[in-house]
Amino acid sequence: MSSSLFSLTNRVAVVSGAAQGLGRATALALAQHGAHTVLVDRNLVGTEATASQIRSLGRETLVAQTDVANPDAIAELFQQVDARFGRVDFLGNIAGDGHLAKPEDLTIADLHRVLQNLVVGRFAMCQEAGRRMLAQGRGSIMNIGSLASSTALGRGHIAYSMAMGAVIQMTRELSTEWAYRGVRVNCVTPAQVVNPGLEARMASDSTLEGRFLRGIPAGRLGRPNDIMGLAVFLASDSSEWITGAIIPMDGGNMAMNAGGTPGHEQRAVQSFHAESK
Ligand SMILES: NC(=O)c1ccc[n+]([C@@H]2O[C@H](COP(=O)([O-])OP(=O)(O)OC[C@H]3O[C@@H](n4cnc5c(N)ncnc54)[C@H](O)[C@@H]3O)[C@@H](O)[C@H]2O)c1
């Protein structure tokens, strides 16, 4: 069921990271509102599981096992989309992961890998989708940034923050260049949303969840489904005059400027753990 304001009937949405988490939730929400989806992830098993949920809604899917850090693979992906659907109305640019290391220890190779994955990959996806949307005269792109796009997190996030900072500037540049030609580009910046990686980090540091929650006025961590409404809104005509926006999805974190964890507090936590062993 979807009201006409949020209808995505017969639109084609490309969603990366579709095997789980924010990507899966985005793809499901778009399909629930009528879109056909191209489901992109390096994890084929998870992506097939998302696809079978979407097919049960009666929508078409194309599953692509694509590494979004590889621009050649992205070019091939969009050729498949051309052959199957002949258009792209929405891009959910979501896949990608970071790497945790202290600034003094981060290797240049790891920094390159993170930038390739989160910056070059996101740009190549925008470029391929954007070219098609420009030719159509309409389209919408939702890039996923992070709290780390605008605020320092500490805790070894240097490479991730450098990359996510670039994602919001990319969004602003693309929206400025493409808005008058009908293509909108926005960026959603989540705070901590539960996923397997975050759960493992919280399990290995018993203070971490509490520190996250102190920065979230809403009083809970994010859930993947928290993106569903935003994704439908940004894909639909209801957001027609919204472009270049950086949209926090963070339970109020940025509003109170909660930021990250300073080094001296991390040192105190580490010594507390060492003493309690
Ligand atoms: N979860 C959070 O707290 C949070 C907060 C801010 C930003 N983000 C960002 O949002 C995005 C999605 O987060 P999530 O919580 O859904 O993560 P997740 O780890 O649950 O899922 C990420 C998905 O992306 C896929 N992926 C990663 N790199 C890929 C690549 N190079 N090519 C193809 N697929 C790839 C993985 O296989 C996985 O299915 C990530 O870019 C993440 O950095 C997440």
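A quick note: this is a predicted structure, and the numbers were derived from the prediction, not measured. (Residues numbered from 1 in each chain as written. Predicted model: local features only at pLDDT ≥ 70, side-chain atom pairs only at ≥ 80, totals over all residues.)

**Describing the pairing of strand E4 (residues 90-93)**
What counts, and what does not: Here exposure depends only on C-beta density: within 10 Å of a residue's C-beta, 20 or more other C-beta atoms make it buried, 12 or fewer make it exposed, and intermediate numbers make it partly exposed, the C-beta atoms being placed from the backbone. Working definition: helices are DSSP H or I runs of at least four residues, strands are E runs of at least two. Numbering for both runs from the N terminus. Note on handedness: a crossover is taken as right-handed if, strands pointing away from the viewer, the path from the first strand over the helix to the second is clockwise.
Burial along E4 is two-sided: Phe 90 and Gly 92 and Leu 91 and Asn 93, pointing in opposite directions, are all buried. With helix H4 (residues 108-136) bridging E4 and the parallel strand E5 (residues 139-144), this β-α-β connection has right-handed handedness.

**A look at the packing of helix H1 (residues 21-32) against helix H2 (residues 44-55)**
Just so we agree on the cut-off: Between N-to-C directions, angles span 0 to 180 degrees; the directions come from axes that are lines fitted to C-alpha atoms, helices contributing only their stretch in contact. Oblique is the label for any angle not covered by the other classes, which are roughly parallel (under 35 degrees), roughly antiparallel (over 145) and roughly perpendicular (65 to 115). Left-handed is the label given to a crossing in which the near helix is rotated counterclockwise from the far helix by less than a right angle, and right-handed is the label when the rotation is clockwise. Contact definition: two residues whose C-beta atoms, as placed from backbone geometry, lie within 7 Å. Note on residue categories: nonpolar means Ala, Val, Leu, Ile, Met, Phe, Trp, Tyr, Cys or Pro, charged means Asp, Glu, Lys or Arg, and polar means any other residue, Gly included.
Between H1 and H2, the least distance of the axes is 10 Å, while the angle of their chain directions is 15°. Of the possible angle classes, the one that applies to H1 and H2 is roughly parallel. The interaxial crossing formed by H1 with H2 has right-handed handedness. Residues Arg 24, Ala 27, Leu 28 and Ala 31 of H1 lie in contact with H2, whose contacting residues are Thr 50, Gln 53 and Ile 54. A per-class count over the contact of H1 with H2 returns 4 nonpolar, 2 polar and 1 charged.

**A closer look at the pairing of strand E1 (residues 12-16)**
Applicable threshold: Pairing between strands is defined by DSSP: at least two bridges between them are needed.
The buried count for E1 comes to 5 of 5 residues, which makes it a mostly enclosed element. Burial of E1 is two-sided: the residues Val 12, Val 14 and Ser 16 facing one way and the residues Ala 13 and Val 15 facing the other way are all buried. Bridge count for E1 against strand E2 (residues 36-41) is 5 bridges, and the pairing is parallel. Along E2, the bridge assignment pairs Val 12 with His 36. In this view, the connection linking E1 to its parallel neighbour E2 by way of H1 has right-handed handedness. Sheet analysis places E1 next to E4, joined by 3 bridges and oriented parallel.

**Topic: H4**
Spelled out, the test is: Here the expected length of a helix is defined as 1.5 Å per residue gap, with one fewer gap than residues. Values of bend correspond, residue by residue, to the angle between axes fitted over the seven residues ending at that residue and the seven starting there.
The first and last C-alpha atoms of H4 sit 40 Å apart over 29 residues, in line with the 42 Å expected at 1.5 Å per residue. At Gln 116, H4 is deflected by roughly 40°, the largest bend along its length. Backbone geometry just after H4 places Gly 137 at a positive phi near 85°.

**Structural notes on the site of the ligand**
Selection criterion: Each residue gets a C-beta atom placed from its backbone. Should that atom fall within 6 Å of a molecule or strand, the residue is termed near it.
The immediate surroundings of the ligand are formed by 27 residues, with Gly 17, Gly 21, Leu 22, Ala 95 and Asn 195 found nearest. At the level of elements, H1 and helix H6 (196-204) are the ones that each hand at least two residues to the shell around the ligand. If one sorts the elements of the shell around the ligand by residue count, H1 sits on top with 3 residues. Of the residues assigned to the shell around the ligand, the class counts are 10 nonpolar, 13 polar and 4 charged.

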